[in-house]
Amino acid sequence: MSENQSLLRIRDGRLYWLEPGQGEVAVEDDVIQRLRAALAQRNHQVVFAAPGEDVRMVEVSVTREERRHLDQALPFMLEEQLSEDIEALHFARGKLHDNRLQVAVVSEVCMGEWQAQLGDLPPTLPWIPEPLLLPCQNGEWTVVLDGDRALLRLGTGRGACIELGHLPLLLSSLGGQAPERVVVYAPDDSQRPAFESWADRLEWRRGGLAEALLLGQRSEAPLDLRQGAWAPRLPYEAWWRQWRPVAALLLVGVVLHTGATWLDLRRLDRENLVLRGEVQALYRQVNPRGNVVDAERQLRRQIQALSGEAGDASFTALLAPLGEAVAQRRDTRLASLNYSQRSSELRVNLLAPDFDEVEALRQALVKAGLEAKLENSSRNRDRVRARLSIGGGA
């Protein structure tokens, strides 16, 4: 443990915080705020030291075929070495070499109890077995005498935690496997006789867990117990509680905006219906017959035809010479006229004093460049009614 790292661990059912250079303090109300501040620092790491007596560390050799389904196969590979039902155990693994795995086995009950004791601390807090937090170097074992128990780091992926009374028996069983050097951290020399058989390779240091972690080199990638079903989850519920008021305001804004848009659409739709009715009414004043598809375009085409833009035989091109010719004859007047846009022809009913006056009017239209035909005529008492067909000249 360097100065930028501190530990949380459980002793006697209580949670303690071990800071470098500060000693160990119980996590209570007066400490929790300082702990949260340390958790929020990017340059400071806080880890939870899972009690070593509850975690079993083993190394497993695996084949290339077994790697494909390792998560499912791992519990059954260790089943014969375990006395408990594998369904009640949690397995966490970390890579050591190409064909060997570092495996930690802990009961699901312990995992649940630790999670309850850590409370609402950040879910990203690493859970590292205590033995794996001890320093580890090639050809060296580390032993820490911590109260009535002993923590042992026996290699890269091996470690254990035993009662202090069982230490001599364990040391004698490991005598043939002992490395070149065994480093022991102890508060005093009372347990030195237990290591008498290793006197030639023993290095005794005064201190405890804090001194061992502070002076040793921390593993670059220690095995984290929070894997599989216990893997850290993003705090969606906390985020939801934090952003719920904002989400509610946003929802209200969306609903109000949607409602206002819907009301605007309804209003515009009603206005559109009114305008369409007015357009159709105005169109019917000009053209009472026929279908109304696009009133503006239809009226524009009719105006073009009537204004002379459609050719010489338009309504105005026929009406102007006719009006001038009739105006020169005071006793002649128009009874009715009818214009056919399809045939570009104007039919006129006249009332004249005699037949000569009708013929004079027709000749005047011919001189104006139009084609004028007398379709019929009849005398009614002292006046003559005649019907002319007027079209564009050749």
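Look above for the structure.
Only a predicted model underlies this, so the values are computations on that prediction, with no experimental measurement involved.

J.: Go over the side chain of E140, please, and point to the residues and values.
T.: Topologically, E140 is positioned in strand 9 (residues 140-146). The class of E140 is buried, set by a relative accessible area of 9%. The contact partners of E140, leaving out residues within four places of it in the chain, are P179, R181 and V183.

J.: Would you mind going over helix 11 (residues 355-367) in detail, with residue names and values included?
T.: Here helix 11 contains 13 residues, and its C-alpha end-to-end distance of 19 Å stays within 8% of the 18 Å for a straight helix at 1.5 Å per residue. Buried within helix 11 we find V358, L361, R362 and L365. One side of helix 11 holds all its buried residues, which, seen down the axis, span an arc of 100°. Looking at helix 11, the residues exposed on the side facing more than 90 degrees away from the buried face are D356 and K367. Its buried side turned inward, helix 11 meets helix 10 (315-327), strand 15 (345-352), strand 16 (370-380) and strand 17 (383-392). N-capping of helix 11 is provided by D354, with a side-chain oxygen placed 3.3 Å from the backbone N of D356.

J.: Go over the pattern of salt bridges with me, naming the residues and quoting the values.
T.: In the structure shown here, the tally under the stated rule is 23 salt bridges. With a closest N to O distance of 2.6 Å, R205 and E203 form a salt bridge. When salt bridges that share partners are traced, they join R9, R11, E24, E53, E130, D146 and R149 into one network.

J.: Explain the packing of aromatic side chains residue by residue, including any values.
T.: Going through the model one piece at a time under the given rule, you end up with six aromatic pairs. Ring centres of W114 and W127 lie 6.3 Å apart, and the angle between their planes is 70°; on these two criteria the pair is classed as edge-to-face. One end of the pair, W114, is in helix 4 (residues 108-118); the other, W127, is in strand 8 (residues 127-129), and 13 residues separate them in sequence. The exposure classification of W114 matches that of W127, with both residues buried.

J.: Talk me through the side chain of S107; I want residue IDs and the actual numbers.
T.: In this structure, S107 sits in strand 7 (residues 100-107). At 3.2 Å, the side chain of S107 and the backbone nitrogen of C110 are in polar contact. Discounting residues that sit within four places of it in the chain, S107 has contacts with E84, A88 and L89.

J.: Quick rundown of the pairing of strand 2 (residues 14-19)? Include the residues and the values.
T.: The buried count for strand 2 comes to five of six residues, which makes it a mostly enclosed element. Turn length for the strand 1 (residues 5-11)-strand 2 hairpin, with the two strands adjacent in sequence and antiparallel, is two residues, and the turn residue D12 shows positive phi of about 55°. Sheet topology note: the strand 2/strand 3 (residues 23-26) ladder contains four bridges and is antiparallel. Across the sheet, the residue bridging to W17 is V25, located in strand 3.

J.: Describe the sheet that holds strand 6 (residues 89-95), and please don't skip the residues or the numbers.
T.: The strand order across the open sheet formed by three strands is 5-7-6, and the pairing between neighbours is antiparallel. Because the sheet does not close on itself, it has two edges, and the strands there are strand 5 (56-61) and strand 6. Pairs of neighbouring strands in the sheet enclose a mean axial angle of 30°, with direction left out of account. Across six bridges, strand 5 lies against strand 7 in antiparallel orientation. Along strand 7, the bridge assignment pairs E59 with Q102. Contacts from helix 3 (residues 70-77) reach strand 5, strand 6 and strand 7 within the one sheet, and its direction differs from that of strand 6 by about 115°.

J.: Please provide a residue-by-residue account of the nonpolar core, values included.
T.: Core analysis: the largest hydrophobic core is formed by 42 residues, its most contacted members being L8, F48, V55, W114, L118, L209 and L225. Per-element accounting of this core gives the leading share, five residues, to strand 4 (residues 45-50). Among all residues touching L225, those that are not within four sequence positions of it are A50, V55, H90, A92, A104, M111, W114, W127 and P129. Counting residues in each nonpolar core, the second largest holds 20 residues, with V143, L164, A186 and L202 among its members.

Thresholds, definitions, all that
Numbering of residues starts from 1 in each chain and follows the order in which that chain's sequence is written. Restriction of local features to residues with pLDDT of at least 70 applies here, the model being predicted, together with a cutoff of 80 or more for giving and counting side-chain atom pairs; totals for whole chains, interfaces and linings are based on all residues. Derived side-chain values reflect all non-hydrogen atoms in the structure, with water molecules and hydrogen atoms excluded from consideration. A run of DSSP states H or I qualifies as a helix once it reaches four residues; a run of E qualifies as a strand once it reaches two. Both are numbered from the N-terminal end. In this scheme, a residue with accessible area under 20% of its type's maximum is buried, one over 50% is exposed, and one in between is partly exposed, where area comes from a 1.4 Å probe on protein chains only. Should any heavy atoms of two residues lie within 4.5 Å, those residues are counted as being in contact. The span expected for a helix works out to 1.5 Å for each residue beyond the first. An arc is given here, and it is the one of the directions from the helix axis to the C-beta atoms. Between N or O atoms, a polar contact is any pair within 3.5 Å; within protein, one atom must be a potential hydrogen donor and the other a potential acceptor, and residues adjacent in sequence are included only when both atoms are from side chains. Throughout this description, the term salt bridge denotes a Lys or Arg side-chain nitrogen within 4 Å of a carboxyl oxygen of Asp or Glu. Each pair of aromatic rings taken from Phe, Tyr and Trp, with Trp reduced to its six-membered ring, is defined by centres within 6.5 Å and is described as stacked if the planes are under 30 degrees apart, edge-to-face if over 60, and tilted in the remaining cases. By definition, two strands form a pair when at least two bridges between them are found by DSSP. Helix axes are fitted only over the stretch in contact, all axes being lines through C-alpha atoms; the angle between N-to-C directions runs from 0 to 180 degrees. For our purposes a nonpolar core is just a set of buried Ala, Val, Leu, Ile, Met, Phe, Trp, Tyr and Cys residues, chained together by side-chain atoms within 4.5 Å.

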